[in-house]
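Observations on the model geometry
Each chain, letter by letter, is given below.
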Amino acid sequence: MYDVIIIGSGFGGLVCAHQLAQAGRRVLVLEAHWQPGGCLQSYQRKGHTFDTGLHYIGGLGEGEPLHDIFRRLGLLRLPWQRLDPDGFDRITIGDRTFRLAEGFDRFADALADEFPRQRQALQRYTDMLQGPDPDPTVNAWQWLNQNFDDPLLVDVLSGSCLKTELRRESLPLFAFAHSQKSYIQSSWRLRGDSSLIVSSLVGDIRRMGGEVVCRAEVVQLVGHDGRLTAARCSNGEVYEGSWFVSDIHPASALALVADERIQRSMFRRQLAMLQNTYGLYTHSLVLKPGALPYFNHNKFVYRGGSPWDEATERVMLSCRVPDGDSTGALLLDLLTPSSADPTALAETVVPGLRDMVSERYVSTPLTWQRFTRTPGGSAYGIRKDSRQPLLTILSPRTPVANLLLTGQNVVLHGLEGVAMTALQTIGIVLNGKT
């Protein structure tokens, strides 16, 4: 009998397992795949290790949002590298490139040098980012265009948003702000692949008495009288528990519940109707030795329109930190929501890139769907909607008294958003009230 059974071993599930095991709870993590990690999984090809979902994180400096959380999780011991404070992100729109600088004042000053008439508006923008969370009914596109009268600057501010899905009609300002502000505080890459995070968390969970079982797909959640009692897996095992935490898509979790009342519930029908964000294509490139110097920032390139226009060509370039003392880039990821080859667009900022490539591996939204069980390979989970915040911004609680939600589909995506949601989920379990 376990105190907590966690379905899925993405970052949210592992954070819950780590902190609950640390609090003395008997924890079991059930993972359908052969390895844990969800979007933090890595894979190997010909001796190279590639990431799936993690490319950089924000807010890891002392006193910033992720610092205390990562300290509690033991993740500060990993080899983090701070990105270029003078331009952690470089936004190329047409024939112009703009730097996003670290620190709210430096961020505003750097862009005010390019857009001197927008200095006061930039101050309002950074004040908004540093203030309380915006009302979830406030639309990001409308707020930006009410506060800035230069469309190019709006595009620049939105240009690093291959970290979220830009939709004029629906994206809440609070989701847009969270995708921006921690990176302005400080931006970081791992020296190594994202499996370092997974190995660290899983190792700690096991040392604290928790269990992580792979190839254990949950096919049914059994219960009665509005409470769950056990998880039945495809391998025939049945695990009994007091609390159940789902780190998979909420609609998938509710579909597992073998209770007719839940199957017929309005909540389940609402989940089934929610839309998911788009998926991404990742072109993972192995470069010829010495062909490209490492660049300690991310490059975002747009051609043919605004970042807010679906038809605009776009790509993000993210470089793996070289091993040892090497100054040459070996692994480079190109990320795009389009099925078209983004190499020509990437050559806007890395001339001759095509000739630098020795190997190429491509993952698609269907790859994500297969390995992370996300519907349609959605990159950012359930689409948040400022017009319907109560429907699209979920609570960790469900109509099943002892079934809780965590992960990117609940409140916010990204490591910071998922960690914040996991802390809410953990609090409910530790408080002990259903």
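Residues numbered from 1 in each chain as written. Predicted model: local features only at pLDDT ≥ 70, side-chain atom pairs only at ≥ 80, totals over all residues. Heavy atoms only, no water.

**A word on the overall build of the protein**
Note the cut-off: Helix and strand assignments come from DSSP, with helices taken as H or I runs of at least 4 residues and strands as E runs of at least 2, each series counted from the N terminus. Just to be clear, the radius of gyration here is over C-alpha atoms, and the globule rule we use is 2.2 Å times residues to the power 0.38. For each residue, the accessible area found with a 1.4 Å probe, counting protein chains only, is set against the maximum for its type, and the residue is called buried under 20%, exposed over 50%, and partly exposed in between. Reported accessibility uses the Shrake-Rupley method at a 1.4 Å probe radius. Residues are deemed covered only where the shown protein chains occlude them. The charged-residue count follows a simple rule in which Lys and Arg add positive charge and Asp and Glu add negative charge, with His and chain termini not counted at all. For this purpose, a charge sits on NZ of Lys, CZ of Arg, CG of Asp or CD of Glu.
A count of helices and strands for the protein gives 17 helices and 19 strands. The C-alpha atoms of the protein give 22 Å as radius of gyration, which agrees with the globular expectation for 434 residues (22 Å, within 12%). Counting only C-alpha atoms and orienting by the principal axes, one finds that the protein spans roughly 65 × 50 × 40 Å. Of all 434 residues assigned to the protein, the portion counted as buried reaches 59%. Of the roughly 17,600 Å² of accessible surface on the protein, 49% is carried by carbon and sulfur atoms. With 44 positive and 45 negative side-chain charges, the protein shows a spacing of 4 Å between the two charge centroids.

**What about unusual backbone geometry?**
The backbone phi angle of K46 is positive, close to 50°, even though this residue is not glycine. Residue class for K46 comes out exposed when judged on its relative accessible area of 69%. Unlike most non-glycine residues, R215 shows phi in positive territory, near 55°. Summarising the element assignment, R215 is placed in the loop between β10 (211-213) and β11 (218-224). R215 gets classed as exposed once you look at its relative accessible area, which sits at 59%.

**Side note on the nonpolar core**
What counts here: Buried residues of nine kinds, namely Ala, Val, Leu, Ile, Met, Phe, Trp, Tyr and Cys, make up a nonpolar core once their side-chain atoms join them within 4.5 Å. The contact criterion used is simple: two residues touch if any of their non-hydrogen atoms lie within 4.5 Å.
Formed by 93 residues in total, the largest nonpolar core has its most connected members in Y125, F148, F176, L221 and L332. Excluding residues that lie within four positions of it along the chain, L221 makes contacts with I7, L228, A230, A231, F244, A253, L256, V257, A258 and L403. Formed by 40 residues, the second largest nonpolar core is a distinct cluster that contains F11, L40, L73 and I205.

**Examining the pattern of salt bridges**
Formally: In what follows, salt bridge is the name for a side-chain nitrogen of Lys or Arg lying within 4 Å of a carboxyl oxygen of Asp or Glu.
Overall, the coordinates contain 22 salt bridges when judged by the stated rule. Residue R387 pairs with D385 through a salt bridge whose shortest N-O separation is 2.8 Å. One salt-bridge network, in which partners are shared between bridges, spans D68, R71 and R72.

**What about the packing of aromatic side chains?**
Two measures describe an aromatic ring pair: the distance that separates the ring centres and the angle between the ring planes. Basically, it comes down to this: Under the pairing criterion, centres of Phe, Tyr and Trp rings, with the six-membered ring standing for Trp, must be within 6.5 Å; the plane angle then separates stacked pairs below 30 degrees from edge-to-face pairs above 60, leaving the rest tilted. We count a charge as sitting over a ring when the NZ of a lysine or the CZ of an arginine lies within 6 Å of the ring centre and within 35 degrees of the ring normal.
This structure, assessed with the given rule, holds 13 aromatic pairs. Members of the aromatic cluster, each reached through a chain of ring pairs, are F107, Y125, W143 and F148. Geometry around Y2 places R26 over its ring, the cationic atom sitting 4.2 Å from the centre.

**Let's talk about the sheet that holds strand β7 (residues 89-93)**
What counts here: Being paired, for any two strands, means DSSP has found at least two bridges between them. Note on method: axes are straight lines fitted to C-alpha atoms, helices fitted across the in-contact stretch only, with angles between N-to-C directions ranging 0 to 180 degrees.
One open sheet holds the seven strands; their spatial order is β8-β7-β15-β16-β17-β14-β18, and the pairing between them is mixed. Whereas interior strands pair on both sides, the edge strands pair on one side only; in this sheet they are β8 (96-100) and β18 (357-363). On average, adjacent strands in this sheet sit at an angle of 20° to one another, irrespective of strand direction. Relative to strand β17 (residues 331-336), strand β14 (residues 281-287) runs antiparallel, the two sharing six bridges. Within β17, the residue paired with S284 across the bridge is D333.

**A look at helix α5 (residues 140-147)**
Applied cut-off: As used here, the arc is the angular range of directions from the helix axis to the C-beta atoms. N or O atoms within 3.5 Å of each other form a polar contact, as long as, within protein, one can give a hydrogen and the other can take it, and as long as residues adjacent in sequence are counted only when both atoms are side-chain atoms.
Of the residues making up α5, those classed as buried are A140, W143, L144 and N147. Angular distribution of buried residues about the axis of α5 spans 95°; they occupy a single face of the element. With a side-chain oxygen lying 2.9 Å from the backbone nitrogen of W141, the N-terminal cap of α5 falls on N139.

**Examining the pairing of β8**
Inspection of the sheet shows β7 paired to β8 by five bridges, in the antiparallel sense. Bridge pairing in β8 places R90 opposite R99.

**Remarks on the packing of helix α1 (residues 11-22) against helix α2 (residues 65-73)**
To keep it simple, the criterion reads: Orientation categories follow fixed angle ranges, with anything under 35 degrees roughly parallel, anything over 145 roughly antiparallel, 65 to 115 roughly perpendicular, and all other angles oblique.
With their axes 10 Å apart at the nearest point, α1 and α2 run at an angle of 60° to one another. In this view, α1 runs oblique relative to α2, as classed from their interaxial angle. The segment α1 lies against α2, with F11, V15, H18, Q19 and Q22 engaging F70, R72 and L73.

**Topic: α2**
Listed as buried for α2 are L66, H67, I69, F70 and L73. Against the buried residues of α2 lie α1, β5 (57-58), β6 (80-82), α9 (195-207) and α17 (414-431). In the segment just after α2, G74 is the residue with positive phi, at about 75°.

**Some remarks on the state of the cysteines**
Stated formally: Note on terminology: pairs of cysteine sulfur atoms within 2.5 Å are recorded as disulfides.
What the rule picks out here adds up to zero disulfides. Not part of a disulfide, C233 finds its nearest cysteine sulfur in C214, a span of 12 Å. Classification of C233 as buried rests on a relative accessible area of 3%.

**Notes on the sheet that holds β6**
With antiparallel pairing, the three strands of this open sheet are ordered in space as β5-β9-β6. Unpaired on one side and paired on the other, β5 and β6 mark the two borders of the sheet. Both β5 and strand β9 (residues 187-190) contribute to a ladder of two bridges, which runs antiparallel. Looking at β9, one finds that G58 is bridged to S187.

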